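# Observations on the model geometry
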Amino acid sequence: QVQLVESGGELVQAGDSLRLSCAASGRSFSFYNMGWFRQAPGKEREFVAAIAWIGGGTYYADSVKGRFTISRDNPKNTVYLQMNGLRPEDTAVYYCAADRSIGVFSNPPYAVDHWGKGTLVTVSS
(Lines give C-alpha, C1' and ligand atoms only; values in the text may rest on other atoms or scores of the structure.)
Protein backbone atom coordinates (compact mmCIF):
# COMPACT_ATOMS: atom_id res chain seq x y z
CA GLN A 1 0.00 0.00 0.00
CA VAL A 2 1.24 3.48 -0.88
CA GLN A 3 -0.03 6.76 0.54
CA LEU A 4 0.75 9.97 -1.30
CA VAL A 5 0.84 13.57 -0.07
CA GLU A 6 1.42 16.44 -2.50
CA SER A 7 2.77 19.86 -1.66
CA GLY A 8 4.09 22.96 -3.38
CA GLY A 9 1.04 24.30 -5.15
CA GLU A 10 0.47 28.05 -4.99
CA LEU A 11 -0.54 31.15 -6.92
CA VAL A 12 2.11 32.24 -9.41
CA GLN A 13 2.34 34.50 -12.45
CA ALA A 14 2.67 33.40 -16.04
CA GLY A 15 6.28 32.58 -16.85
CA ASP A 16 7.16 31.63 -13.28
CA SER A 17 8.53 28.30 -12.11
CA LEU A 18 7.22 26.02 -9.40
CA ARG A 19 8.24 22.64 -8.00
CA LEU A 20 5.67 20.20 -6.70
CA SER A 21 6.61 17.41 -4.34
CA CYS A 22 4.89 14.14 -3.57
CA ALA A 23 5.90 12.28 -0.42
CA ALA A 24 5.07 8.60 -0.42
CA SER A 25 4.75 6.28 2.52
CA GLY A 26 5.22 2.57 2.24
CA ARG A 27 8.18 0.23 2.01
CA SER A 28 7.79 -0.51 -1.71
CA PHE A 29 8.01 3.03 -3.10
CA SER A 30 10.98 2.26 -5.31
CA PHE A 31 8.98 -0.47 -7.07
CA TYR A 32 6.18 1.85 -8.14
CA ASN A 33 5.93 3.88 -11.26
CA MET A 34 5.07 7.44 -10.27
CA GLY A 35 3.33 10.23 -12.07
CA TRP A 36 1.34 13.43 -12.06
CA PHE A 37 -2.10 14.19 -13.38
CA ARG A 38 -4.03 17.43 -13.27
CA GLN A 39 -7.63 18.51 -13.33
CA ALA A 40 -8.70 21.99 -14.32
CA PRO A 41 -12.11 23.37 -13.32
CA GLY A 42 -14.83 21.81 -15.44
CA LYS A 43 -12.43 19.45 -17.20
CA GLU A 44 -11.46 15.81 -17.00
CA ARG A 45 -8.39 14.70 -15.11
CA GLU A 46 -5.49 14.40 -17.54
CA PHE A 47 -2.05 12.88 -17.65
CA VAL A 48 0.90 15.22 -17.16
CA ALA A 49 4.08 13.19 -16.56
CA ALA A 50 5.34 9.84 -15.34
CA ILE A 51 8.59 8.20 -14.33
CA ALA A 52 9.22 4.47 -14.43
CA TRP A 53 10.71 2.57 -11.51
CA ILE A 54 12.74 0.39 -13.91
CA GLY A 55 15.31 2.47 -15.70
CA GLY A 56 13.82 5.80 -14.69
CA GLY A 57 12.34 6.51 -18.11
CA THR A 58 10.16 9.61 -18.26
CA TYR A 59 6.99 10.39 -20.17
CA TYR A 60 5.21 13.67 -20.74
CA ALA A 61 2.02 15.04 -22.16
CA ASP A 62 2.64 17.09 -25.29
CA SER A 63 1.26 20.17 -23.57
CA VAL A 64 4.05 20.19 -20.96
CA LYS A 65 6.94 18.64 -22.88
CA GLY A 66 10.00 20.86 -22.68
CA ARG A 67 8.60 22.87 -19.77
CA PHE A 68 7.99 20.29 -17.02
CA THR A 69 10.44 17.75 -15.60
CA ILE A 70 9.57 14.79 -13.41
CA SER A 71 12.14 13.21 -11.13
CA ARG A 72 12.25 10.90 -8.14
CA ASP A 73 14.41 10.41 -5.07
CA ASN A 74 13.88 6.83 -3.95
CA PRO A 75 15.77 7.08 -0.61
CA LYS A 76 13.51 10.02 0.28
CA ASN A 77 10.36 8.35 -1.08
CA THR A 78 9.63 11.52 -3.03
CA VAL A 79 8.74 12.41 -6.59
CA TYR A 80 8.98 15.94 -7.95
CA LEU A 81 7.46 17.91 -10.79
CA GLN A 82 9.53 20.91 -11.81
CA MET A 83 7.33 23.28 -13.79
CA ASN A 84 8.92 26.09 -15.78
CA GLY A 85 7.36 28.64 -18.07
CA LEU A 86 3.97 28.28 -16.43
CA ARG A 87 0.92 29.38 -18.38
CA PRO A 88 -2.61 30.24 -17.26
CA GLU A 89 -3.80 27.02 -18.90
CA ASP A 90 -1.62 25.06 -16.46
CA THR A 91 -3.99 26.13 -13.69
CA ALA A 92 -5.36 22.96 -12.09
CA VAL A 93 -5.30 20.69 -9.11
CA TYR A 94 -2.25 18.46 -9.53
CA TYR A 95 -2.49 14.89 -8.32
CA CYS A 96 0.33 12.51 -7.57
CA ALA A 97 -0.21 8.92 -8.64
CA ALA A 98 1.46 5.57 -8.13
CA ASP A 99 0.96 2.28 -9.89
CA ARG A 100 2.81 -0.97 -10.58
CA SER A 101 2.07 -0.59 -14.31
CA ILE A 102 3.51 2.26 -16.35
CA GLY A 103 0.77 1.78 -18.91
CA VAL A 104 -1.91 3.38 -16.73
CA PHE A 105 -0.18 6.76 -16.90
CA SER A 106 -2.27 7.94 -19.80
CA ASN A 107 -5.75 9.20 -20.54
CA PRO A 108 -8.22 8.42 -19.13
CA PRO A 109 -6.60 7.72 -15.75
CA TYR A 110 -9.20 5.28 -14.47
CA ALA A 111 -6.81 2.39 -13.80
CA VAL A 112 -4.37 4.14 -11.47
CA ASP A 113 -4.20 2.39 -8.11
CA HIS A 114 -3.03 5.12 -5.74
CA TRP A 115 -3.81 8.82 -5.65
CA GLY A 116 -2.88 11.77 -3.50
CA LYS A 117 -5.46 14.39 -2.54
CA GLY A 118 -3.99 17.02 -4.83
CA THR A 119 -2.38 20.43 -4.63
CA LEU A 120 -3.71 23.55 -6.35
CA VAL A 121 -1.61 25.45 -8.84
CA THR A 122 -2.99 28.76 -10.04
CA VAL A 123 -1.24 30.69 -12.80
CA SER A 124 -2.33 34.27 -13.30
CA SER A 125 -1.87 36.09 -16.60
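It should be noted that the structure appears before, not after, this text.
On a predicted model such as this, the values are computed, not experimentally measured, just so you know.

### Brief notes about the pairing of strand β7 (residues 68–73)
- Burial of the side chains of β7 is restricted to one face: Phe68, Ile70 and Arg72 are buried, whereas none of Thr69, Ser71 and Asp73 on the reverse face is.
- Note that β7 and strand β8 (residues 78–83) share six bridges and pair antiparallel. Of the residues in β8, the one forming a bridge with phenylalanine 68 is methionine 83.
- Counting the residues that bridge the hairpin from β7 to β8 gives four residues, and of these asparagine 77 lies at a positive phi of roughly 55 degrees.

### A closer look at the sheet that holds strand β3 (residues 18–25)
- The strand order across the open sheet formed by four strands is β1-β3-β8-β7, and the pairing between neighbours is antiparallel. Strands with a single pairing partner mark the edges of an open sheet, and in this sheet they are β1 (3–7) and β7. This sheet shows a mean twist of 15 degrees between the axes of neighbouring strands, independent of strand direction.
- Of the strand pairs in this sheet, β3 and β8 are connected by six bridges, and their pairing is antiparallel. Across the sheet, residue serine 21 finds its bridge partner in β8, namely tyrosine 80.

### Concerning the environment of serine 71
- In this structure, serine 71 sits in strand β7.
- Distance from serine 71 to alanine 111, taken between C-alpha atoms, is 22 Å for residues 40 residues apart in sequence.
- Setting aside anything within four residues of it in sequence, one finds serine 71 in contact with Ile51, Thr78, Val79 and Tyr80.

### Quick notes on the nonpolar core
- Counting residues in each nonpolar core, the largest one holds 36 residues, and the members touching the most others are Met34, Trp36, Leu81, Met83 and Tyr94.
- Looking at this core, the elements with two or more residues in it are β3, β4 (33–39), β5 (46–51), β7, β8, β9 (92–99) and β11 (119–124).

### Focus: the side chain of aspartate 99
- With respect to the helices, strands and loops of the structure, aspartate 99 is situated in strand β9.
- Within the buried set, aspartate 99 has no salt-bridge partner at all; the shortest N-O distance to an opposite charge, 7.5 Å, is to arginine 100.
- At 2.8 Å, the side chain of aspartate 99 and the backbone nitrogen of serine 101 are in polar contact.
- Contacts of aspartate 99, omitting those with residues within four sequence positions, involve Tyr32, Asn33, Val104, Phe105, Ala111, Val112 and Asp113.

### Some remarks on a nonpolar patch on the surface
- Together, Phe31, Trp53 and Ile54 line one region of the surface with nonpolar side chains, adding up to about 310 Å² of accessible area.
- Structurally, the position occupied by phenylalanine 31 is in the loop between β3 and β4.

### A word on the packing of aromatic side chains
- Tallied over the full model, the rule gives five aromatic pairs.
- With centroids separated by 5.7 Å and ring planes inclined at 70 degrees, the aromatic side chains of phenylalanine 37 and phenylalanine 47 adopt a geometry described as edge-to-face. Separated by 10 residues along the polypeptide, phenylalanine 37 in strand β4 and phenylalanine 47 in strand β5 bring together distant segments of the chain.
- A residue is classified by how much of its surface remains accessible, and phenylalanine 37, at 0% relative accessible area, is buried.
- According to the relative accessible area criterion, phenylalanine 47 is buried, its value standing at 9%.
- Pairwise contacts between aromatic rings join Phe37, Phe47, Tyr95, Phe105 and Trp115 into one cluster.
- Across the ring face of tyrosine 95, the terminal group of arginine 45 is positioned such that the distance to the ring centre comes to 3.6 Å.
- Positioned above the aromatic ring of tryptophan 115, the side-chain terminus of arginine 45 is 4.6 Å from the ring centre.

About the cut-offs
Residues numbered from 1 in each chain as written. Predicted model: local features only at pLDDT ≥ 70, side-chain atom pairs only at ≥ 80, totals over all residues. Heavy atoms only, no water. Buried < 20%, exposed > 50% of the residue type's maximum accessible area, 1.4 Å probe, protein only. Helix = DSSP H or I, 4+ residues; strand = E, 2+ residues; numbered from the N terminus. Pairing = 2+ DSSP bridges. Axes fitted to C-alpha atoms, helices over the stretch in contact; angles between N-to-C directions. Contact = heavy atoms within 4.5 Å. Core = buried A, V, L, I, M, F, W, Y, C linked by side-chain atoms within 4.5 Å. Lys, Arg positive; Asp, Glu negative; His and termini not counted. Salt bridge = Lys/Arg side-chain N within 4 Å of Asp/Glu carboxyl O. Polar contact = N/O pair within 3.5 Å; in protein donor to acceptor, adjacent residues only side chain to side chain. Patch = residues over 30% accessible without salt bridge, like charges linked within 9 Å, V, L, I, M, F, W, Y side chains within 5 Å. Areas by Shrake-Rupley, 256 points an atom, 1.4 Å probe, with all protein chains shown as cover. Phe/Tyr/Trp six-rings, centres within 6.5 Å; stacked < 30°, edge-to-face > 60°. Lys NZ or Arg CZ within 6 Å of the ring centre and 35° of its normal.

Geometric values such as these leave the question of function open.
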